[in-house]
Amino acid sequence: MPVRVFLSLVAASALFGTLVTACSQQSSDNTPQTTINSASSRTDYHSFSNPEEIVVTHVDLDLNVDFETKTLSGTASLDIDRKSVQASTLILDTRDLDVSQAACGEATIDFSWGERDEHLGTPLMVQLPAECQTITLTYTTSPEASGLQWLTPEQTAGKKHPFLFSQAQAIHARSFIPLQDSPGVRITYNATIHTDPALFAVMSASNDPSAERNGTYEFTMPQAIPSYLIAIAVGDLHFKAMGERTGVYSEPAYLDAAAKEFEDTEAMLIATEKVYGKYRWDRYDLLILPPSFPFGGMENPRLSFITPTVLAGDKSQVSLIAHELAHSWSGNTVTNATWRDLWMNEGFTTFLTYRIMEIVYGKDREAMEFVIGHRDLEDDLNELAAEDTRLTIDLTGRDPDAVFSNVPYEKGALFLRELEQNVGREAFDAFLLSYFDHFAFQSITTQQFLDYLNSELLAKQPDAMSKERLDEWIFAAGIPAGAPEPKSPAFEVVDSSRSAWLRGEVSASDLPTSDWVMHQWLHFLQKMPDDLTIQQMAALDEAFDFTRSNNNEITHVWLMLTVKHDYQPAYDRLYNYLVGIGRNKFVRPLYKALSETPEGKAFASKAFAEARVGYHPLTVKTNLPYVDEM
Ligand code: BES
Ligand code: ZN
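Residues numbered from 1 in each chain as written. Chains lettered and ligands numbered in written order. Predicted model: local features only at pLDDT ≥ 70, side-chain atom pairs only at ≥ 80, totals over all residues. Heavy atoms only, no water.

Student: Even after reading the chapter, I still don't get the packing of aromatic side chains, so can you show me in this structure?
Tutor: Two numbers describe a pair of aromatic rings. These are the distance of the centres and the angle of the planes. Across all of its chains, the model carries 44 aromatic pairs by this definition. Plain terms: the ring middles of F239 and Y249 are 4.8 Å apart, the flat faces sit at 55 degrees to each other, and that makes the pair tilted. Taken together, the residues span a long stretch of sequence, with F239 in strand β15 (residues 238–241) and Y249 in strand β16 (residues 246–250) at a distance of 10 residues. Geometrically, the ring pair formed by W521 and F546 is edge-to-face, given 5.7 Å between the ring centres and 75 degrees between the ring planes. (Phe/Tyr/Trp six-rings, centres within 6.5 Å; stacked < 30°, edge-to-face > 60°. Helix = DSSP H or I, 4+ residues; strand = E, 2+ residues; numbered from the N terminus.)

Student: Whenever I open this one, the sheet that holds strand β9 (residues 148–151) confuses me. Can you help?
Tutor: The strands that make up a sheet pair up through hydrogen bonds in the backbone, lying either parallel or antiparallel. Overall, antiparallel pairing links the four strands, which are arranged β9-β10-β14-β12 in an open sheet. Two strands in the sheet have a free side with no partner beyond their single neighbour: β9 and β12 (200–203). Sheet twist, expressed as the average angle between the axes of neighbouring strands with direction ignored, equals 10 degrees. (Pairing = 2+ DSSP bridges. Axes fitted to C-alpha atoms, helices over the stretch in contact; angles between N-to-C directions.)

Student: Looking at this structure, how should I read empty space enclosed by the protein?
Tutor: A water-sized probe, rolled over the atoms, reveals where empty space remains. A full pass over the atoms with the stated rule returns three cavities of 30 Å³ or more. Put simply, the second largest cavity is a space of about 40 Å³. L61, L63, L72, F176, I177, I193, M203, I230, A231 and I232 are the residues that line the second largest cavity. Within the lining of the second largest cavity, the residues separate by chemical class into 10 nonpolar, no polar and no charged. (1 Å grid on protein atoms, 1.4 Å probe; cavity = no way out; pocket = protein on both sides within 12 Å on 5 of 7 lines; lining within 4 Å. Points joined across faces, edges and corners; volume = space filled by probe spheres on them. Nonpolar A, V, L, I, M, F, W, Y, C, P; charged D, E, K, R; others polar.)

Student: Help me understand the pairing of strand β2 (residues 71–82) in this model?
Tutor: Here is the key point about a regular strand: its side chains alternate between the two faces of the sheet. Taken together, the 12 bridges between strand β1 (residues 54–66) and β2 define a ladder with antiparallel strand orientation. Bridge pairing in β2 links V59 to L78. In this structure, the hairpin formed by β1 and β2 is closed by a connection of four residues, where K70 is found at a positive phi of approximately 50 degrees. When β2 meets strand β8 (residues 134–140), the two strands line up antiparallel, connected through seven bridges. Looking at β8, one finds that S73 is bridged to T140.

Student: Looking at this model, I keep getting lost on helix α9 (residues 407–423). Mind explaining?
Tutor: Taking 1.5 Å of rise per residue, the 17 residues of α9 would be expected to cover 24 Å, and the 23 Å separating its terminal C-alpha atoms lies within 8% of that figure. Directly beyond the C-terminal end of α9, a positive phi value near 95 degrees is found at G424. (Expected span 1.5 Å × (residues − 1).)

Student: Could you clarify how one ought to interpret the coordination of the zinc ion (ligand 2) in this entry?
Tutor: Each pair of donors in an ideal octahedron of six around a metal sits at 90 or 180 degrees, and each pair in an ideal tetrahedron of four sits at 109.5 degrees. The coordination sphere of the zinc ion (ligand 2), as far as protein atoms go, consists of H323 (NE2), H327 (NE2) and E346 (OE), spread over 2.0 to 2.1 Å. Counting gaps between the donor residues of the zinc ion (ligand 2) yields the pattern H-x3-H-x18-E. Residue H327 is located in the loop between α6 (319–326) and β20 (334–336), and its partner E346 is located in helix α7 (residues 342–361); the two are separated by 19 residues in the primary sequence. Across the pair, exposure class does not vary: H327 and E346 are buried alike. (Donors = N, O, S within 2.8 Å, 3.2 Å for Na, K, Ca; no water. Buried < 20%, exposed > 50% of the residue type's maximum accessible area, 1.4 Å probe, protein only.)

Student: I tried to follow the domain arrangement of the chain on my own but got confused; where do I start?
Tutor: Size of an interface, as often reported, equals the accessible area lost when the parts are brought together. Under the domain assignment, the chain is made up of domain 1 (1–46 + 338–487) and domain 2 (490–626). Taken residue by residue, the interface counts 10 residues in domain 1 and 13 residues in domain 2. Both sides of the domain 1 and domain 2 interface together cover about 930 Å² of buried area, and 56% of this is carbon and sulfur. By the criterion of area lost to domain 2, the three top residues of domain 1 are M368, I372 and R375, representing 56% of everything that side buries. In this structure, the connection of domain 1 to domain 2 is made through four salt bridges. (Domains from an automatic or database assignment. Contact = heavy atoms within 4.5 Å. Buried area = accessible area lost by both parts, 1.4 Å probe. Salt bridge = Lys/Arg side-chain N within 4 Å of Asp/Glu carboxyl O.)

Student: Whenever I open this one, the pairing of strand β10 (residues 163–166) confuses me. Can you help?
Tutor: What you see with β10 is no split at all: F163 and F165 on one side and L164 and S166 on the other are buried throughout. Pairing of β9 with β10, which is carried by four bridges, proceeds in the antiparallel orientation. Counterpart to W150 in the pairing with β10 is L164. Where β10 lies against strand β14 (residues 232–235), two bridges are found, and the strand directions are antiparallel. Bridge pairing links F165 to A233 in β14.

Student: I tried to follow the site of ligand 1 on my own but got confused; where do I start?
Tutor: Taken together, 14 residues sit near ligand 1, with Q169, G296, E299, E324 and Y409 positioned nearest. Q169 is positioned with one of its side-chain polar atoms (N or O) 2.7 Å from a nitrogen atom of ligand 1. One of the backbone nitrogen or oxygen atoms of G296 is found 2.5 Å away from an oxygen atom of ligand 1. The fraction of the free accessible surface of ligand 1 (520 Å²) that becomes covered by protein chains is 87%. Counting residues per element, the ones that place at least two in the shell around ligand 1 are β18 (297–298) and α6. Grouping the constituent residues of the shell around ligand 1 by class yields five nonpolar, six polar and three charged. (Near = heavy atom within 4 Å. Polar contact = N/O pair within 3.5 Å; in protein donor to acceptor, adjacent residues only side chain to side chain. Areas by Shrake-Rupley, 256 points an atom, 1.4 Å probe, with all protein chains shown as cover.)

If you want it as structure tokens, here you go:
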């Protein structure tokens, strides 16, 4: 816990009170923690900044992208608003930034560094002259910046040009911009980006696909966003329109495939607007990244960042697009105030994703996705410490990257599903519509949501959910008894096929699988018994060619079985998969499973050593615990 660091700060007195309260609330039993701190506090334990005294309202960036030195360098000008007249020290978040100068207009001003914290980086204290409204910092990023990945031409699809992309959520914006890196602080931004004219730059802002490719690119983001939504990518990027407001940017190699795979994006956008209100961000484009992107997707405003690993050719994984699009309402328009409230970003978004998938692709598909999402949640509940299965999780002193799980996503969505069931779909849709409107462009705490829920929905339907039930969902560990349970008719067919095959009544190749979709294959494999034999693994592979599947979700589940049953014929594929993909959802469970035996760990270490140069810093950090460094 960073008590030491907080105490070294000017704002220590303000923070200390809350910190002590937080510590005294630790409890290991399952009593709901309905205390003030866990739901209504706006104290962000993951930022050193002091927005309650001085808040940054706008950032102007002028940055040079240098692939030789793997650095961004230039200036960040910060407009500030003083909340208290005496306040004269602006505290900013940084990580591994080299700041060479601070200035107010022509005059240089004093700044100093605080102590570095392992998770949070280093606070930068800037002394503000009395009249100063805007400060300009001249800085350079580190080649190891935690929020940037620099790829060589060989590491891209086209092999000719380098590629840079950022990933700021949760606390990595500070590794490429000195700012108040807290989701509770909203800023507008402008940027001028200088790069090689052979390359094209895009940002989470206004993008012009027909901008002259001359190496200087201008951006504006006129809507106030939290810092974790600032994003940049530079590479051999081209654009293809999909609909009136939607299109794809990517390297030429993925462009046509992506535009085809995601052609329903415009329909998703229109469907979501119909239920939850007008899209407030102008355009909605996708950027397809290299396979080392550590996430499936990231909801950077106006331009979601997307892994290419979902390009399956059959739209089987487009719920990812529904998810990132839905964040335009839940997350980007209404934002969690601190990372403790993450479930409000991810749980609402997961709920909306299911709704969008049902509208655009029908109830059967939604039902299958709900079963799979619910299973992912149950798997996590079995693995995680009870403390980490609460929606309002205690992150004090922890690295938010280390606490990532399905809980905020699927438990959050399950809670909203129960509310919806109890009040009726129509009333719940109307409630969410008004919620997005009421809190638009604000960062809010769990308590603000609860107050609004009580006054706008539960006051009208008091029997819909008791205070005790609400508290159990929000504050207690695990899933409350009697929560909604998924059911998919399309999976019943799969269950009977699997059982018949396991009983030896029918050979694998005679199973009636010709019209199965990805979700059914996932269900078929995920529910295989623990005592599957090598002969059975071989029979499945022979009949269905799983080792050579080009659907990365199916391959993932197959490779998990491969490790579990030590099915040697698929280890080459496993090796290539680990080296070729950096998406943590796929590689982390494999590294973890491999690390459980000495032979597995040796194999994992070898793959990791080869993959490491191409992995994103987050993928390296996440998987290092499972391998021996070679
Ligand atoms: N905003 C998240 C990614 C994220 C969360 C980054 C927390 C850093 C910290 C994004 O919207 C997301 O949830 N991505 C998922 C998509 C999936 C649930 C469809 C992913 O990448 O797997
Ligand atoms: Zn999300």
